[in-house]
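Descriptive analysis of the structure
Listed below are the residues making up each chain.
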Amino acid sequence: KQIITIAGGGSTYTPGIIQAVLNNADRLPLSEIRLYDIDEQRNDDMYLIIQYMLKKEGFKDVVISSTEDPEKAFTGSDFIFSQIRVGGMKMREKDEKIPLNHGLVGQETCGLGGFAYGMRSMNGLLEIVGYVQEYAPNAWILNYTNPESIVSEAVRRQYPKAKMINACDMTISIEETIAVNYGYDRKNWIPTYYGLNHFGWYTSIYDKELKRDVMPEIIEKLTTQEMEVADFNAGDKTWQEAFSMMSVITKNFPQNIPNNYLEYYLYPDMVVEHADKDYTRANMVMEGREKNTKEMAEKIRDGATEDILNFNFGEHGQYIVDMATSLLNDERRRFMLIVPNQGAIPNLRADAVVEVPAYVGATGVEPISLREPISDFHKGLMEAQVAAEKLLVDAYFEGSYQKALQAFTLNQTVPNARVAKNILDEMIEANKEYWPKL
Ligand code: G6P
Ligand code: MN
């Protein structure tokens, strides 16, 4: 039976993950859940909620604890699910609002907000990896701490042998959206995709039931039929318009399906135009699921007996559980994972951290190499982004202001070095407690 530690236990994502763990108890037998967080209040709230869930679902034998002590949290643990958010939603709000106030994209993983968050996040995640090396050297870390390319690069440098899998649920969510809209079952899909985290393209989607690559027909549907569920932050476009814009095509048929995060890099001006610089995603999350979770914990404290859990679970938890069971039972499932390139994308630098399909089994991650070089357009976009991220990670390890400024300048949401410097200086001030000294 497995011991699972959730780093960032107080996160509102915890109940969804635990629910998925419980739903898969036959494949992932559980003896103990430990919630580790530096925010005692939030961790205690979550403890109550998870305890309530375990009781409700009839898991009497599963031990649950919450702690701020890393030794207690990690010693003897089998799986560490890492979802820390250094600085919490309060700092996310600054990541989003500072760039917006300078007329640039304000988003938690893309643009300069993502870089500011990256500088905070490297510190937090390297600390967790260090604890795991010390207290649970055989454990697997399943990491979905953002911004993932940056933290993965930092871990690759400091702990190249860490037993860690870096994964993002965004590709699953894109596939789910497409499948639901157009009547497919994504469980039958074997997709091929390449890129960086939140920055990539599908090249084929083989359907095991239909026995064909369904990407061409999906592209046809994307260009002719509306989708019911689809987000586009660069304004009120129809999905067909958005899709053509994201593919950067006019008349020719697109060859790929882009990750929707590319809108931040391809249409930053439109995204800014449609953003509200006084009310960003952080505000929505704080007033939405954060408040909701707190209220649930309060009801449990007040001795609520009726069913008070009202969560909206997505696919996020299931994805993490599938990775854990794949490792544990050698299930060899296929995921999009964030790994050192090492030739997977043949014409991109080997030391880039890329997102490509990979099989997961008892021995860890086995990435799949593309057989063809990628186009100059995608390669050029990716190379600039990789260089910017590398410079940021250099800045972190070397304490270099100059490299941070170069990273900020090279970020593709940034039009000039002057605004890069203004935002960097403001970010240094706002992140005093979290960033290394530059
Ligand atoms: C997706 C992305 C994550 C991101 C999250 C934000 O799951 O893959 O990288 O952190 O969305 O969600 P939120 O609801 O907090 O804006
Ligand atoms: Mn993600």
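This text gives an overview of the structure that appears in the document. This structure is a prediction, so every number in the text was calculated from the model and none was measured. (Residues numbered from 1 in each chain as written. Chains lettered and ligands numbered in written order. Predicted model: local features only at pLDDT ≥ 70, side-chain atom pairs only at ≥ 80, totals over all residues. Heavy atoms only, no water.)

**Some details on the coordination of the manganese ion (ligand 2)**
Protein coordination at the manganese ion (ligand 2): the donors are Cys168 (SG) and His198 (NE2), at 2.2 to 2.5 Å from the metal. Within this pair, whereas cysteine 168 is found in the loop between strand 6 (164–167) and helix 7 (170–182), its partner histidine 198 is found in the loop between strand 7 (189–196) and strand 8 (199–207), the two being separated by 30 residues in sequence. On the basis of relative accessible area, cysteine 168 is assigned to the buried category, the value being 5%. (Donors = N, O, S within 2.8 Å, 3.2 Å for Na, K, Ca; no water. Helix = DSSP H or I, 4+ residues; strand = E, 2+ residues; numbered from the N terminus. Buried < 20%, exposed > 50% of the residue type's maximum accessible area, 1.4 Å probe, protein only.)

**Concerning the pattern of salt bridges**
The final tally for this structure, using the stated rule, is 32 salt bridges. Here arginine 157 ties to aspartate 394 by a salt bridge, and the two come within 2.6 Å at their closest N and O atoms. Within this pair, whereas arginine 157 is found in helix 6 (residues 148–158), its partner aspartate 394 is found in helix 14 (residues 376–398), the two being separated by 237 residues in sequence. Exposure remark for aspartate 394: the relative accessible area of 16% places this residue in the buried category. Measuring nitrogen to oxygen at the nearest pair gives 2.7 Å for the salt bridge that ties glutamate 429 to lysine 432. Ionic contacts of the salt-bridge type, sharing partners, join the residues Glu153, Arg156, Arg157, Arg349, Asp351, Lys390, Asp394, Glu398 and Lys403 into one network. (Salt bridge = Lys/Arg side-chain N within 4 Å of Asp/Glu carboxyl O.)

**Focus: the site of ligand 1**
Around ligand 1 sit Tyr13, Arg92, Glu108, Asn146, Cys168, Asp169, Met170, His198, Tyr261, Arg281, Val285 and Arg289, and that is every residue in its neighbourhood. Side-chain polar atom of glutamate 108 to an oxygen atom of ligand 1: 2.9 Å apart, as the coordinates give it. Between ligand 1 and aspartate 169, the relevant distance is 2.6 Å, taken from an oxygen atom to a side-chain nitrogen or oxygen of the residue. Against a free-state accessible area of 390 Å², the protein chains account for coverage of 82% of ligand 1. When residues in the shell around ligand 1 are grouped by element, the largest group, three residues, is from helix 12 (residues 281–301). Looking at the shell around ligand 1 residue by residue, the class counts come to five nonpolar, two polar and five charged. (Near = heavy atom within 4 Å. Polar contact = N/O pair within 3.5 Å; in protein donor to acceptor, adjacent residues only side chain to side chain. Areas by Shrake-Rupley, 256 points an atom, 1.4 Å probe, with all protein chains shown as cover. Nonpolar A, V, L, I, M, F, W, Y, C, P; charged D, E, K, R; others polar.)

**Some words on the nonpolar core**
Core analysis: the largest hydrophobic core is formed by 95 residues, its most contacted members being Phe81, Ile257 and Leu337. Among the elements that line this core, the one with the most residues is helix 2 (residues 40–56), at seven residues. Leave out the neighbours within four places in its chain, and isoleucine 257 touches Ile178, Gly200, Trp201, Tyr202, Ile205, Met215, Ile218, Ile219, Leu222 and Phe243. Ile84, Phe115, Tyr159 and Met427 belong to the second-largest nonpolar core, a separate cluster that totals 46 residues. (Core = buried A, V, L, I, M, F, W, Y, C linked by side-chain atoms within 4.5 Å. Contact = heavy atoms within 4.5 Å.)

**Observations concerning empty space enclosed by the protein**
Summary: where empty space remains is shown by rolling a probe the size of a single water molecule over the atoms. In total, this model carries two cavities of 30 Å³ or more according to the counting rule given. Along the walls of the largest cavity sit 14 residues, with Thr109, Ser149, Asn197, His198 and Glu389 positioned nearest its centre. Within the residue set of the lining of the largest cavity, elements represented by two or more residues are helix 6 and helix 14. Per-element accounting of the lining of the largest cavity gives the leading share, three residues, to helix 6. Broken down by class, the residue content of the lining of the largest cavity amounts to six nonpolar, six polar and two charged. Approximately 50 Å³ is the volume attributed to the second largest cavity. Lining the second largest cavity are Ser149, Glu153, Ala352, Val353, Val386, Glu389 and Lys390. The set of elements that each furnish at least two residues to the lining of the second largest cavity consists of helix 6 and helix 14. Looking at the lining of the second largest cavity element by element, the count peaks at three residues for helix 14. Tallied by class, residues from the lining of the second largest cavity come to three nonpolar, one polar and three charged. (1 Å grid on protein atoms, 1.4 Å probe; cavity = no way out; pocket = protein on both sides within 12 Å on 5 of 7 lines; lining within 4 Å. Points joined across faces, edges and corners; volume = space filled by probe spheres on them.)

**Some words on helix 4 (residues 88–101)**
Each α-helix winds once per 3.6 residues, and so residues spaced three or four apart point in a common direction. Its 14 residues give helix 4 an end-to-end C-alpha distance of 20 Å, which sits within 8% of 20 Å, the value for a rise of 1.5 Å per residue. The buried count for helix 4 comes to ten of 14 residues, which makes it a mostly enclosed element. By the burial criterion, the buried members of helix 4 are Met89, Met91, Arg92, Glu93, Asp95, Glu96, Lys97, Ile98, Pro99 and Leu100. In this structure, the buried residues of helix 4 make contact with helix 5 (111–135), helix 11 (268–273), helix 12 and helix 16 (417–430). One or two residues past the end of helix 4 sits glycine 103, with phi positive at roughly 80°. (Expected span 1.5 Å × (residues − 1).)

**Section: the packing of aromatic side chains**
Applying the stated criterion to the full structure yields 13 aromatic pairs. Both rings, one in tyrosine 396 and one in phenylalanine 397, keep their centres 5.1 Å apart while their planes meet at 80°; by these two values the pair is edge-to-face. The exposure class assigned to phenylalanine 397 is partly exposed, which follows from its relative accessible area of 35%. Pairwise contacts between aromatic rings join Tyr36, Phe74, Tyr131 and Tyr135 into one cluster. One residue, arginine 120, lies across the ring of tyrosine 434, its end atom 6.0 Å from the ring centre. (Phe/Tyr/Trp six-rings, centres within 6.5 Å; stacked < 30°, edge-to-face > 60°. Lys NZ or Arg CZ within 6 Å of the ring centre and 35° of its normal.)

**Focus on the environment of proline 258**
Tracing the sequence through the fold places proline 258 in strand 10 (residues 257–258). Owing to a relative accessible area of 8%, proline 258 belongs among the buried residues under this scheme. Along the backbone, proline 258 and phenylalanine 199 are 59 residues apart, and their C-alpha atoms lie at a distance of 8.0 Å. Leaving out residues up to four positions away in the same chain, proline 258 has contacts with Gly200, Trp201, Phe243, Met246 and Ser247.

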